[in-house]
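# An overview of the molecular structure
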Amino acid sequence: MYKGTPSRIRKVLYALIIAFGLLCVRLVFVQMGAAKPLSDIASSQYRLSVSLLPKRGVIYDRNLKELAISINLSSIFAEPFKVKDKGPASEKLAGVLGISRDEIYKKLSQERGFVWLARKVSQDTARKVRSLDIKGIDFIKEPQRVYPNGVLASHILGFTDMDSNGIEGLELRFDKYLKGVVGYRYAIRDAKQREVPGYEYKEILPIDGDSMVLTIDSMIQSFAENELEDGFKKYHAKGACIIVMDPYTGDILALSNRPNFDPNNANSSIPDFRRNRAVCDFFEPGSSFKIVAASSLLEEKAVKPGDKFFCENGEYKWCGHTYHDHKPHGWLEFRDVIKFSSNIGTMKAAQRLGKDRLYKYIKKFGFGSKTGIDLPGEVNGIATHPSTWSKLSLCSISMGQEVTVTAIQLACAISALANGGNLVKPRIVERIQDRTGHAIQKFESKKPQRVISEETAKEMRDILRSVVDSGTAQLAEAKGYFPAGKTGTAQKVEPNGTYSHRKFTASFIGFVPYDDPKFVIVVIMDEPRPIYYGGVVCAPVFKKVATQLMSYSKILPKEAEKRSLSKR
Amino acid sequence: MNKNPNNHCPKILTAIVTVTFVAVMYVNQQALIYQMGLKVKQNNDVYAKLVDHNKIMVYNVLNLRSPVSLGRKLLAKEVELSMPSKWQVVKIDHSPEKIVLQGKNLANIARTR
């Protein structure tokens, strides 16, 4: 067939065969050696992966009122290479976004494919920017955490960052439950980098975050916050906190601190204002701590309520140190020692108990160790072992010095007296539930530990009632509701280690009604001025909150009075 | 056997027409998929927009009825609320027959009138 073919044609044919052979070799080389990277380059040019953000779980109060929800807001970005007239565009955007023209121009002049102009702007701002119709300016929807009640319960809830990660409070502690799992959609994009609809080749749906139901009651929280705010401002305190607790279950019904912050705008707040003082700050409790010494003395039968102690007319020298009472007293029965908060009477009584037994009850009441509340940053407080105590320590500790506590520990301790002698674990999260409302984790109240007997608890309740009725806390008397409690006024320690005569921590810990306690309330004020007595500064806050709580619980003053009288 | 090459024409034509038809149908199908995808995307965008709008309105309602917001408004209007006195409280029992005001049965009072 090729015999008659001219040699030139044959040469061309051979050349073509060689060229074809080389192409085949190249093809084999590409397929065998460089297929993967080339395939990846091709894929990246036409494939697109879109993140599908999950919805962050809602945080509810105990009545399923929303305390924290998420909404989608528009974030504005630019593709600088697409923006043609950068000067006029910057001018227009500056007017709408409230950012300086130079700043926007600088962003638009960057040699990058993507740059944020403003994140999570309001609907109104987004609409205005959209109406400018600038090429190269686009929008992305991003979830924004919002708190409809503003400052209410801000220290409990905490807040999230720009990318919806928990930063403080329960948002941080339960972030893994709340945030959910990001999903992805793999699609194809066209030459203009737009997603081609209908060509998704894989979709992994996001898993929305779980919701949380708290033990907080937003109405009670509101009562507590309003009254604390009034007291905080009236006495120019450096800080303050309040806890309202169910003494039987340990459920925290309200917890608030001052100063506070708005979690909707947390970044503009001072970090110190965001500290949850109720669990993160420890302080010397002063006379509030006498409940521990008194309970242990009665429980160990070291004293009887009617035993008399000579209170040295307000001044007593012991081991080279002079102790004082707020007011001078002569002979007082033990119940009156607590009623009038006599330091001298308490320290004399504590001598009958001894170091080891006092320490045993300090630990039994939960001091010196975390309560285990589900809030981040809880501290232990300090309750040192008797082996490290000085000669003065027994006296000092019995009256609330040389020991430090947190507000939540005090709430638990006073709850033990209110509920008949059992130490409860505080609970702030009731359950975690999925989107359908099905509980996936329940935080049951733990079995309380008995600290003192029911009889001792009742004796203590009677004594603490007398503190309010005719003792140091008469300003806590919520008429018709018969509250009980104990005041505390502690000198703060100066940096040089001496007790200050200008800085005090005032406290009132109590419950209402005294014979059938429904609520435990703890009020702490840090450095109140000019008055610093717990009975003057904190007791009125307790009274106002207690009155509102009882009304909110539909318990009328008269009913409480009737019940109280009938039980007597 | 007819060896005239012209006799192959109908077969080739049929094949060409078939292939062309299948190709056109395929392109049409792809175009329809694209159109439907576009429509679904548009509907999804509208739905997402409405859901977002709804959520923002829900947030506004929650914000308006929050105790903090209500308290602030009452304070601004200088409206002071106080707890009712004992004589101002009417307790209504579960049964409509028993309406008690400070220990007196209102139903009895109504009957005597």
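Residue positions are given per chain, counted from 1 along the sequence in the order it is written. Both sets of labels track the order of writing: A upward for chains, 1 upward for ligands. It should be noted that, the model being predicted, local features are given only for residues of pLDDT at least 70 and side-chain atom pairs only at 80 or more, the latter also being counted only at that level, while totals for whole chains, interfaces and linings use all residues.

### Some thoughts on the overall build of chain B
Definition in use: Put simply, DSSP marks the helices as runs of H or I at least four residues long and the strands as runs of E at least two long, and each gets a number from the N terminus on. Residue burial here comes from a neighbour count, namely the number of other C-beta atoms, placed from the backbone, that lie within 10 Å of the residue's own C-beta, with 20 or more meaning buried, 12 or fewer meaning exposed, and in between meaning partly exposed.
From N to C terminus, chain B includes three helices and three strands. When the helices and strands of chain B are read in sequence order from the N terminus, they spell out α-α-β-β-β-α. A total of 113 residues make up chain B; the buried ones form 2% of that total.

### Details of helix α9 (residues 218-234) of chain A
Residues and elements named next belong to chain A. The following threshold applies: Each residue after the first adds 1.5 Å to the expected span of a helix.
Relative to the 24 Å expected for 17 residues at 1.5 Å per residue, α9 spans 24 Å between its end C-alpha atoms, a close match to the ideal helical length. Burial in α9 covers these residues: S218, I220, Q221, S222, F223, A224, E225, E227, L228, G231 and F232. Just past α9, the residue H236 takes up positive phi, approximately 45°.

### As for the sheet that holds strand β6 (residues 183-188) of chain A
Within a sheet, each strand pairs with its neighbour through backbone hydrogen bonds, oriented either parallel or antiparallel. Residue and element names in this part refer to chain A. Selection rule: Pairing between two strands is assigned when DSSP locates at least 2 bridges connecting them. Orientation is described by lines fitted to C-alpha atoms, with helices fitted over the stretch in contact, and by angles between N-to-C directions that extend from 0 to 180 degrees.
Reading across from one edge, β1-β6-β7 is the order of the three strands in this open sheet, with antiparallel pairing throughout. If you trace the sheet from one side to the other, it starts and ends with β1 (47-52) and β7 (202-204), each paired once. With strand direction ignored, the average angle separating the axes of adjacent strands in the sheet is 20°. The sheet contact formed by β1 and β6 spans six bridges and is antiparallel. Bridge pairing in β6 places S49 opposite Y186.

### A closer look at the nonpolar core
All names here are of chain A. Cut-off, in case you're wondering: We define the nonpolar core as any set of buried residues of the types Ala, Val, Leu, Ile, Met, Phe, Trp, Tyr and Cys, connected via C-beta atoms lying within 7 Å of each other. An automatic or database domain assignment supplies the start and end points of every domain. Whether two residues are in contact is decided by their C-beta atoms, placed from the backbone, lying within 7 Å.
Counting residues in each nonpolar core, the largest one holds 141 residues, and the members touching the most others are I243, V244, I414 and V522. Here this core takes ten residues from helix α16 (residues 407-418), the largest share from any one element. Split by domain, the residues of this core number at least three in each of domain 1 (50-214) and domain 2 (218-567). Residues contacting V522, with those up to four places away along its chain left out, are I242, I243, A407, L410, A411, I414 and I509.

### Overview of the interface of chain A and chain B
Here is the rule we go by: When residue character is reported, Ala, Val, Leu, Ile, Met, Phe, Trp, Tyr, Cys and Pro are called nonpolar, Asp, Glu, Lys and Arg charged, and the others, Gly included, polar.
Tallying the contact residues gives 24 residues for chain A and 20 residues for chain B. Contributing elements (two or more residues each) for the side of chain A that touches chain B: β3 (66-78), α9, α19 (539-552) and α20 (557-567) of chain A. Its residues placed into classes, the side of chain A that touches chain B shows twelve nonpolar, ten polar and two charged.

### Points about the sheet that holds strand β21 (residues 519-526) of chain A
All names here are of chain A. Read across the open sheet, the five strands follow the order β10-β9-β21-β20-β19; overall the sheet is antiparallel. Two strands lie at the open edges of the sheet, namely β10 (252-258) and β19 (484-493), each paired on one side alone. Each strand of the sheet is rotated relative to its neighbour by a mean of 10°, with strand direction disregarded. For strand β20 (residues 499-512) and β21, the ladder comprises eight bridges, and the chain directions are antiparallel. Across the sheet, V512 pairs through a bridge with F519, a residue of β21.

### Points about the environment of Y59(B)
Residue position: Y59(B) is located in helix α1 (residues 9-64). Each residue touching Y59(B), except ones within four places of it in the same chain, is listed here: I69(A), I71(A), V146(A) and P148(A).

### Points about unusual backbone geometry
All names here are of chain A. Look at the link from R258 to P259: it is a cis peptide, with omega at -5°. With respect to the secondary-structure elements, P259 resides in the loop between β10 and α10 (277-280). Residues V512 and P513 are joined by a peptide bond in cis, for which omega reads -20°. Tracing the backbone through its elements, the reader meets P513 in the loop between β20 and β21. A positive phi is found at A153, a non-glycine position, where the angle reads about 60°. With 29 C-beta atoms packed within 10 Å, A153 lands in the buried category. The phi dihedral of K554 is positive, around 60°, even though this residue is not glycine. With respect to the secondary-structure elements, K554 resides in the loop between α19 and α20. Classification of K554 as exposed rests on a count of 8 C-beta atoms within 10 Å.

### Thoughts on the packing of helix α11 (residues 290-299) of chain A against helix α17 (residues 454-470) of chain A
The angle between the axes and the distance between the axes are what describe a pair of packed helices. Residue and element names in this part refer to chain A. Cut-off, in case you're wondering: Should an angle fall under 35 degrees it is taken as roughly parallel, and over 145 as roughly antiparallel, whereas 65 to 115 is taken as roughly perpendicular and any remaining angle as oblique. For a crossing to be left-handed, the near helix must be turned anticlockwise from the far one by less than a right angle; the clockwise case is right-handed.
With their axes 9 Å apart at the nearest point, α11 and α17 run at an angle of 135° to one another. With respect to α17, the axis of α11 lies oblique. Handedness of the crossing formed by α11 with α17: right-handed. Together, I291, A294, S295, L298 and E299 of α11 and T456, E459, M460 and I463 of α17 make up the contact between the two elements. Here the residues of the contact of α11 with α17 are counted per class, giving five nonpolar, two polar and two charged.

### A look at the pairing of strand β12 (residues 315-318) of chain A
Strand direction decides the pairing type here: β12(A) and strand β13 (residues 321-324) of chain A, joined by four bridges, are antiparallel. The residue bridging E315(A) from the neighbouring strand is H324(A), located in β13(A).

### Focus on α19(A)
All names here are of chain A. Look at α19: 20 Å from first C-alpha to last across 14 residues, which is about the 20 Å you get at 1.5 Å a residue. α19 sits mainly inside the fold: eleven of its 14 residues count as buried. Within the span of α19, buried status applies to A539, P540, V541, F542, K543, K544, V545, A546, T547, L549 and M550. Just past α19, the residue K554 takes up positive phi, approximately 60°.

### Focus: the pairing of strand β9 (residues 239-245) of chain A
All names here are of chain A. Most of β9 sits inside the fold, with seven of its seven residues counted as buried. Both faces of β9 are covered, namely the face carrying G239, C241, I243 and M245 and the face carrying A240, I242 and V244. Direction of pairing for β9 relative to β21: antiparallel, over a ladder of seven bridges. Counted as the bridge partner of I242 is V523 from β21.

### A look at the confidence of the model for chain B
All names here are of chain B. Inclusion rule: For every residue, the predictor reports its confidence as pLDDT, a number between 0 and 100.
Taken residue by residue, chain B gives an average pLDDT of 78. The fraction at 70 or more is 73%. Of all helices and strands in chain B, the one with the weakest mean pLDDT is helix α3 (residues 106-112) (48), whereas α1 scores best (91). Within the model, pLDDT remains below 50 along residues 109-113, and this stretch shows one contact once partners closer than five positions in the same chain are excluded. Prediction confidence for the complex, expressed as pTM and ipTM, is 0.83 and 0.75 respectively.

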